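Notes for the structure review
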Amino acid sequence: MPDLSPQVILRLGAHSEKEYIEKTIQYFDGVIVGANLLEATPGATASLVFKLYGKGKRPYFIDPMTYAFGAYEDPSSGEMRTDLDWIKSEQKVRGGKKGETKRDFKSSYRKLSIAFGTPFSEALERAVAVNESDLSTERAVDGACKSVLDYQETRLQRVFREDKEAAPFADDLPSPAVLFAPYFYIEKTHAEELIRLNHALGLSSTRQSKKIPVHIVLCANRGLLTDARLSNRVIGNLKDCTPAGVWLWFSRFDEHLASKDELTAMRWWVEQLAPSMAVFNMHGSFFSLALSKVGMSGIAHGVGYGEQKNVVPVIGQSTPTVQYYVRSLHTKYSVPIIERSFSALGIETSDDFLSKVCDCLVCREIIGPNLNAFAQFGEIHYSTPISKRAAQTPAAAKRCRFHYLLNRFKEREYVRNASLADIAKGCDSVADEWSKTLVSGEIAHLKRWAKVLKSS
Amino acid sequence: MTKSQNTGTRFSRESQLLDPVARFAKLKGFCLQTAELPFYEYRIDLYGFSSERNVTIAVELKLADWRRALDQAMLYQLCSDLVYIAMPEKSAKKVNMTELRDNRVGLIAVLESGACSCVIKALEHDEVRECYRSAQIDFLKDNASA
């Protein structure tokens, strides 16, 4: 059972998040960018990566997002759809009537499909997802893998070369730390075929890339995690591909809400794979970080949490409030819930807060000598004169995000230096301590984590 | 306040509890009132102020889930001197009174007739933060109906 020093990779979800990454990258181990974002803003993304690399030689990763061209589960009905509708948006009709729109593919995915070529571009042309029959020959699989691997390896340099001012620096841009094999979401109704397809893509990719290590993304429905038969099959396939690493992504698997069985399964997956390859959780939280004690190499997540991700995002939800992360509880809560817990925890002064909850730079600066200033993490306002609902101010959201990132760094350091038994014991004891507060109904994950981490 | 459910009473939506409870609070002297007052990402179903007594009241309306109501009521103690849960009479009978009393949260039963009965009197407590309380009073003074 390898005990690893876990890495934390930050995922850039949008360019509005770049400030967080720029200011905190020194504490983390790299940055991952979705290829759709790269296509939407090639210049800005390439410049950011270049800047981050210059700052501390932090590696970068490009997630090719190939699953977006496959079949997907409609989040509202649960049904499988092959119409690729989730990568479409309402778009203005050029030359059309005022306000006229049509539903069409987002330009970032359209550009990506062209860059990847067949079968991705064909899927968009026919508006039907890539399926197994599109990749039924070795030639087709090899071609798809080659273009997706080449894209990751060369895209940023090409962006620089296409720009007069940036062109002289193109050769200074490093290659990505790893290349991801193309991957598709393994949904339960066609699990067998999709496992087969992903296996073929993994095999071809590892065979093709010699210079840069190839990693495989296992993107699957949550049910696969605890399906013994399919789990064994996938693990066998992964080992057969001999990649340098695997990134696990079980859609809708939230470590805070997961059952003990699911968490146990996650640990089992890591223990099975870690002797053969590096294992990352593509969207993980503290629990996965703690699994570094049994072989997890690292986790990735966004700057405003993003510690779990559904393959298809639910559209139309209002912007969620960025809540306050409590490091000892390894999760986030609304500001008034924390504040209402002060009395039960014996927190009467800002010094009490700094010693019992958090003493990160952000908290020190915001709270200072005035405990009431904690409220600034939850400040709300009406963003426009006609807003019906008050929402968190951008400044408050920013405080919460920076506080979270600093705390994630502290968590990583803690995990690096603690034993598995200490981590489990810590989860147990902090759950007891906070059980007398208003968060008592939302700390059950700690007891479950402790049980799973303790089990041998 | 939008959920609809069968409670075995004439009340199927929390919003139906608002008018009876608002009238009741007014009778008790909380003349300055507003519904759905924002408090962080929450909305206090009814918030009132008695200028005569210089006391504020927050009321959480719930059809059945008293435990959830209690959690929210306890949050509202940060900004209000007195905090109540208001429920249809039938649901109010199922509430754990000890838990409410221990937390100094009051309980109002809304009868089928629309009248209200104070089952447990809310008590003042140490959780209130003056900064929140005064901000809510200011908001009431600027916006509320008297």
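Before going into details, it helps to say that this report is about the structure given with it. (Residues numbered from 1 in each chain as written. Chains lettered and ligands numbered in written order. Predicted model: local features only at pLDDT ≥ 70, side-chain atom pairs only at ≥ 80, totals over all residues. Heavy atoms only, no water.)

**Re the overall build of chain A**
- Helix and strand counts for chain A stand at 17 helices and 16 strands.
- Here the C-alpha radius of gyration of chain A, 23 Å, is about what a compact globule of 456 residues would show, namely 23 Å.
- For chain A, the proportion of its 456 residues judged to be buried stands at 54%.
- Carbon and sulfur atoms provide 51% of the accessible area of chain A, an area that totals close to 19,500 Å².
- The centroid of the 59 positive side-chain charges in chain A is displaced by 2 Å from the centroid of its 53 negative side-chain charges. (Helix = DSSP H or I, 4+ residues; strand = E, 2+ residues; numbered from the N terminus. Rg over C-alpha atoms; globule rule 2.2 N^0.38 Å. Buried < 20%, exposed > 50% of the residue type's maximum accessible area, 1.4 Å probe, protein only. Areas by Shrake-Rupley, 256 points an atom, 1.4 Å probe, with all protein chains shown as cover. Lys, Arg positive; Asp, Glu negative; His and termini not counted. Charge placed at Lys NZ, Arg CZ, Asp CG, Glu CD.)

**Considering the nonpolar core**
- Grouped together as the largest cluster of nonpolar side chains are 186 residues, with contacts concentrated most on Trp247, Phe250, Trp269, Tyr324, Phe353, Phe377 and Trp434 of chain A.
- No other element matches the eight residues that helix H6 (residues 138–161) of chain A contributes to this core.
- Setting aside residues up to four positions removed in sequence, tryptophan 269 of chain A forms contacts with Leu218, Leu224, Leu225, Ser231, Val234, Ile235, Leu248 and Phe250 of chain A.
- Among the nonpolar cores identified, the runner-up in size contains 21 residues, and Leu18, Val21, Val59 and Val110 of chain B belong to it. (Core = buried A, V, L, I, M, F, W, Y, C linked by side-chain atoms within 4.5 Å. Contact = heavy atoms within 4.5 Å.)

**A few points about the interface of chain B and chain A**
- Between chain B and chain A, the contact holds 15 residues from the first and 20 residues from the second.
- Of the roughly 1,500 Å² buried between chain B and chain A, counting both surfaces, carbon and sulfur atoms make up 55%.
- Ranking the residues of chain B by area buried against chain A places Tyr40, Glu41 and Arg43 of chain B at the top, with a combined share of 38%.
- On the surface where chain B and chain A come into contact, there are two salt bridges.
- Between the two partners, chain B and chain A, sit eight residue pairs in polar contact (both at pLDDT 80 or more).
- Elements that contribute at least two residues to the side of chain B that touches chain A include exactly strand E1 (32–39), strand E2 (42–50), helix H2 (66–76) and helix H5 (130–143) of chain B.
- Considering every element that reaches the side of chain B that touches chain A, the biggest residue donor is H2 of chain B, with three residues.
- Partitioning the side of chain B that touches chain A into residue classes produces nine nonpolar, one polar and five charged. (Buried area = accessible area lost by both parts, 1.4 Å probe. Salt bridge = Lys/Arg side-chain N within 4 Å of Asp/Glu carboxyl O. Polar contact = N/O pair within 3.5 Å; in protein donor to acceptor, adjacent residues only side chain to side chain. Nonpolar A, V, L, I, M, F, W, Y, C, P; charged D, E, K, R; others polar.)

**Some words on the side chain of glutamate 22 of chain A**
Residue and element names in this part refer to chain A.
- Among the structural elements, glutamate 22 can be located in helix H1 (residues 18–24).
- On the basis of relative accessibility, which here comes to 15%, the residue glutamate 22 falls in the buried class.
- Looking at glutamate 22, its side chain comes within polar contact range of the side chain of lysine 51, at 2.9 Å.
- Apart from residues lying up to four places away in sequence, glutamate 22 is in contact with Leu48, Lys51, Leu52 and Lys55.

**Digging into the packing of helix H4 (residues 107–116) of chain A against H6 of chain A**
All names here are of chain A.
- Closest axis-to-axis distance for the H4/H6 pair is 9 Å, and the angle between their directions is 115°. In this structure, H4 uses Leu112, Ala115 and Phe116 to contact H6, whose residues at the interface are Ser147, Val148 and Tyr151.
- The residue makeup of the contact of H4 with H6, split by class, is five nonpolar, one polar and no charged. (Axes fitted to C-alpha atoms, helices over the stretch in contact; angles between N-to-C directions.)

**Focus: the sheet that holds strand E5 (residues 106–110) of chain B**
Residues and elements named next belong to chain B.
- The strand order E1-E2-E3-E4-E5-E6 describes an open sheet built from six strands, whose pairing is mixed. Sheet topology places E1 and strand E6 (116–120) at the edges, where each strand pairs with a single neighbour. The sheet shows a mean angle of 30° between the axes of neighbouring strands, direction not considered.
- The sheet contact formed by E1 and E2 spans seven bridges and is antiparallel. Bridge pairing links leucine 32 to phenylalanine 49 in E2.
- Of the strands in this sheet, E1, E2, strand E3 (55–61) and strand E4 (82–88) are in contact with H2, which crosses E4 at around 160°. (Pairing = 2+ DSSP bridges.)

**A look at unusual backbone geometry**
Residue and element names in this part refer to chain A.
- Of note, the bond from threonine 118 into proline 119 is cis; its omega dihedral lies within 30 degrees of zero at 5°.
- Relative to the assigned elements, proline 119 resides in the loop between H4 and helix H5 (120–126).
- A positive phi angle, near 55°, is found at histidine 330, a position not held by glycine.
- Take histidine 330: it is sitting in the loop between strand E13 (324–326) and strand E14 (331–333).

**Thoughts on the pattern of salt bridges**
Residues and elements named next belong to chain A.
- By the definition in use, this model includes 42 salt bridges over all chains.
- As a salt-bridge pair, aspartate 428 and lysine 447 come within 3.1 Å of each other at their nearest N and O atoms. Linking aspartate 428 in helix H16 (residues 420–434) with lysine 447 in helix H17 (residues 444–454), this pair joins segments that are 19 residues apart in sequence.
- You can call aspartate 428 buried: its relative accessible area is 18%.
- When its relative accessible area of 32% is taken as the criterion, lysine 447 is described as partly exposed.

**A few points about the environment of serine 204 of chain A**
Residues and elements named next belong to chain A.
- Here serine 204 lies in helix H7 (residues 191–208).
- Owing to a relative accessible area of 1%, serine 204 belongs among the buried residues under this scheme.
- Those residues in contact with serine 204 that sit more than four places away from it in its chain are Val141, Asp142 and Cys145.

**Let's talk about the environment of leucine 230 of chain A**
Residues and elements named next belong to chain A.
- Secondary-structure assignment places leucine 230 in helix H9 (residues 228–241).
- The class of leucine 230 is buried, set by a relative accessible area of 8%.
- In the structure, leucine 230 is positioned 210 residues away from tyrosine 20 in sequence and 39 Å away in space, judged by C-alpha atoms.
- Beyond its immediate stretch of four places on either side in the chain, leucine 230 contacts Ala191, Glu192, Ile195 and Leu224.

So, to be careful, I would describe these as geometric facts and stop short of saying anything about function.
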